[in-house]
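Overview (structure and organization)
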Amino acid sequence: MSFTQFFDNYSDNLIVQYSLIFALLVGVFHLTIFLLKFGSLVYDLFIAAPVNFSKYGAGSGKWAVVTGASDGIGKEYALQLAKKGLSIVLVSRTQSKLELIAKEIETAYKVNTKIVAFDASTDDEENYLKLEKAVFDLPVTVLINNVGQSHSIPVPFLETEKKELQDIITINNIATLKITQIIAPRIVSTVNNANNQKNTRGLILTMGSFGGLLPTPYLATYSGSKAFLQSWSAALAGELAADNVDVELVISYLVTSAMSKIKRSSSTIPNPKQFVSSTLKGIGRRNGAQERYATSTPYWTHALMHFGIDSTVGVYSKFANKLNLQMHQSIRQRALKKAARLAAEKKD
Ligand SMILES: NC(=O)c1ccc[n+]([C@@H]2O[C@H](COP(=O)([O-])OP(=O)(O)OC[C@H]3O[C@@H](n4cnc5c(N)ncnc54)[C@H](OP(=O)(O)O)[C@@H]3O)[C@@H](O)[C@H]2O)c1
């Protein structure tokens, strides 16, 4: 029976009439929600004015702590925050790289810098004492939890080396939590100090990833570590809101860097400068992460991808999981072939 025949036969039936009206209202409700979210996405990405960082103490002697600051996205956070007028505590593994960046920042932007070098994968108490000592008397207002490690190449979970698994969780999760427990109290005390007449706010940004947004086969440990940061960061946002500290998880698809092993940028793969600029411009707005509290997917093509997936198949669907599996199996095959080729070249 076609819909028209069905309607002709039962159109005077009250249950059918109420069911149709209910279905129509549900449809209108969902369409309205979708249009509101889409409008908000367009506003966030293309219309809203850039955030003024004097709100977070730029230009008034305040400090930002940036982890993973010697390369890629973290280095760019350090440079762009210094350009806005924040002094910077640079944290990463390699002292010599940090010294070069500190010099570059001090010369170009006339702000102060401090360096704290340690290997976050060791989870050594000494590391955290060093950091605590460096910041104990600084008026810190911003923390960028950027340090992170992924798998060297996509790998089935059951074949993941124990050290890689341990390092990913230690660096991405344990170190991020312990560093935040040291820096967040400094931020809270700076912004809630009686001398804070400008009502400066605090800011804690943590780097998430599409790897955590979508469960990602063959990057299972990295994927889980970034999903952990999503829940932890949003929970912390709720806790610190009353202390005038904004907490936000920043979601990114690929960016050119040593970690992604991608050198050439494109419309969907920005370089760190483009990525960080879009992030800092849009603090406090959800951009592509319209369905999530205290979360932003700031780069415009990443934002459209996030919004598109969320509004169609959904990030936790079997379909998205299968596509992701196929993509990472193919990346693994290519990486293994390249490694074999390089090994053969070395032998010759
Ligand atoms: N690039 C992407 O496509 C992408 C996509 C989504 C999310 N992300 C996230 O963005 C963040 C930055 O990634 P990136 O691509 O900029 O990485 P990157 O270019 O590889 O830089 C990583 C930074 O972290 C530091 N670091 C690495 N291991 C460390 C350790 N064990 N102890 C202390 N410092 C360590 C490095 O210091 P040294 O130079 O001294 O080793 C470097 O400064 C990560 O959290 C990543 O998950 C990246």
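Residues numbered from 1 in each chain as written. Predicted model: local features only at pLDDT ≥ 70, side-chain atom pairs only at ≥ 80, totals over all residues. Heavy atoms only, no water.

**Observations regarding the overall build of the protein**
This is how it is decided: Secondary structure counts use DSSP, requiring at least four H or I residues in a row for a helix and at least two E residues in a row for a strand, with both numbered from the N terminus. Buried residues are those whose accessible area, probed at 1.4 Å on protein chains only, stays under 20% of the maximum for their type, while exposed residues exceed 50% and partly exposed ones sit between those limits. Residues are treated as being in contact if the distance between any of their heavy atoms lies within 4.5 Å. The accessible surface values rely on the Shrake-Rupley method and a 1.4 Å probe; as for residues, cover is taken only from the protein chains in view. Neither His nor the chain termini are counted; the positive set is Lys and Arg, and the negative set is Asp and Glu. Where a charge lies is defined by one atom per residue type: Lys uses NZ, Arg uses CZ, Asp uses CG and Glu uses CD.
Within the protein one finds 11 helices and 7 strands. Across its three principal directions, the C-alpha atoms of the protein cover 80 × 70 × 35 Å. By the burial criterion, 45% of the 348 residues in the protein qualify as buried. Contacts spanning at least 24 positions in sequence make up 71% of the contacts within the protein whose residues lie at least 6 apart. When the accessible surface of the protein is totalled, it reaches about 18400 Å², and 59% of it is carbon and sulfur. Taken as two groups, the 37 positive and 27 negative side-chain charges of the protein have centres that lie 6 Å from each other.

**Details of helix H11 (residues 318–347)**
The test is simple: Expected helix span is taken as 1.5 Å per residue step, with the number of steps being one fewer than the number of residues.
Over its 30 residues, H11 runs 43 Å from end to end, which matches the ideal 44 Å to within 8%, given 1.5 Å per residue. Taken together, the buried positions of H11 are occupied by Ala-320, Asn-324, His-328 and Arg-332.

**Some thoughts on the layout of surface pockets**
Selection rule: In this analysis a 1.4 Å probe is tested at points of a 1 Å grid over the protein atoms alone, and where it fits but cannot get out there is a cavity; an open set with protein on both sides within 12 Å along at least five of seven lines is a pocket; lining residues have an atom within 4 Å of a point. Grid points are joined across faces, edges and corners, and a volume is the space filled by probe spheres set on the points. Nonpolar residues are Ala, Val, Leu, Ile, Met, Phe, Trp, Tyr, Cys and Pro. Charged residues are Asp, Glu, Lys and Arg, and all others, Gly as well, are polar.
Roughly 200 Å³ of internal volume is contained in the second largest pocket. Lining the second largest pocket are 14 residues, and of these Asp-246, Val-247, Glu-248, Gly-284 and Ala-294 lie nearest its centre. No other element matches the 4 residues that strand S6 (residues 245–250) contributes to the lining of the second largest pocket. Looking at side-chain class alone, the lining of the second largest pocket contains 7 nonpolar, 2 polar and 5 charged residues.

**Focus: helix H5 (residues 125–135)**
Which entries qualify depends on this criterion: Picture the helix axis, draw a direction to every C-beta atom, and the arc is the one those directions span. Any pair of N or O atoms that falls within 3.5 Å is considered a polar contact. Within protein, one atom must be able to donate a hydrogen and the other to accept it, and sequence-neighbouring residues count only if both atoms are side-chain atoms.
Of all the positions in H5, only Asn-127, Tyr-128, Leu-131, Ala-134 and Val-135 are classed as buried. Looking down the long axis of H5, one finds its buried residues gathered within 120 degrees of arc, a one-sided arrangement. Where the residues of H5 are buried, they touch strand S1 (63–67), strand S2 (87–92), strand S3 (113–117), strand S4 (140–145) and helix H6 (162–191). The residue sitting at the N-terminus of H5 and contributing the capping side-chain oxygen is Asp-124; that oxygen lies 3.0 Å from the backbone nitrogen of Glu-126.

**A word on a nonpolar patch on the surface**
Selection criterion: Patches here: salt-bridge-free residues with over 30% relative accessible area, like charges joined within 9 Å, nonpolar side chains (Val, Leu, Ile, Met, Phe, Trp, Tyr) joined within 5 Å. The salt bridge criterion pairs a side-chain nitrogen of Lys or Arg with a carboxyl oxygen of Asp or Glu, the two atoms within 4 Å.
A grouping of Met-1, Phe-3, Phe-6, Phe-7, Tyr-10 and Leu-20 is seen on the molecular surface, where their side chains present a nonpolar patch of about 620 Å² in accessible area. Tallying contributions element by element places helix H1 (residues 3–10) first for the nonpolar patch, with 4 residues. Following the sequence through the fold, Met-1 ends up in the segment before H1. A relative accessible area of 68% means that Met-1 is categorised as exposed.

**Things to note about unusual backbone geometry**
A positive phi is found at Asp-123, a non-glycine position, where the angle reads about 50 degrees. Residue position: Asp-123 is located in the loop between S3 and H5. In this model, Lys-261 sits at a positive phi of 60 degrees, which is unusual for a non-glycine residue. As for its position among the elements, Lys-261 is in the loop between S6 and helix H9 (272–281).

**Description of the site of the ligand**
Going by this rule: Here, proximity means that at least one heavy atom of the residue falls within 4 Å of the molecule or strand.
Every one of the 31 residues lining the ligand counts as a neighbour, but Ser-70, Thr-94, Lys-97, Tyr-222 and Ser-257 are closest to it. Gly-68 places a main-chain nitrogen or oxygen 3.2 Å from an oxygen atom of the ligand. Within the side chain of Thr-94, a nitrogen or oxygen atom sits 2.5 Å from an oxygen atom of the ligand. In isolation the ligand exposes 900 Å². Once the protein is present, 94% of that is buried.

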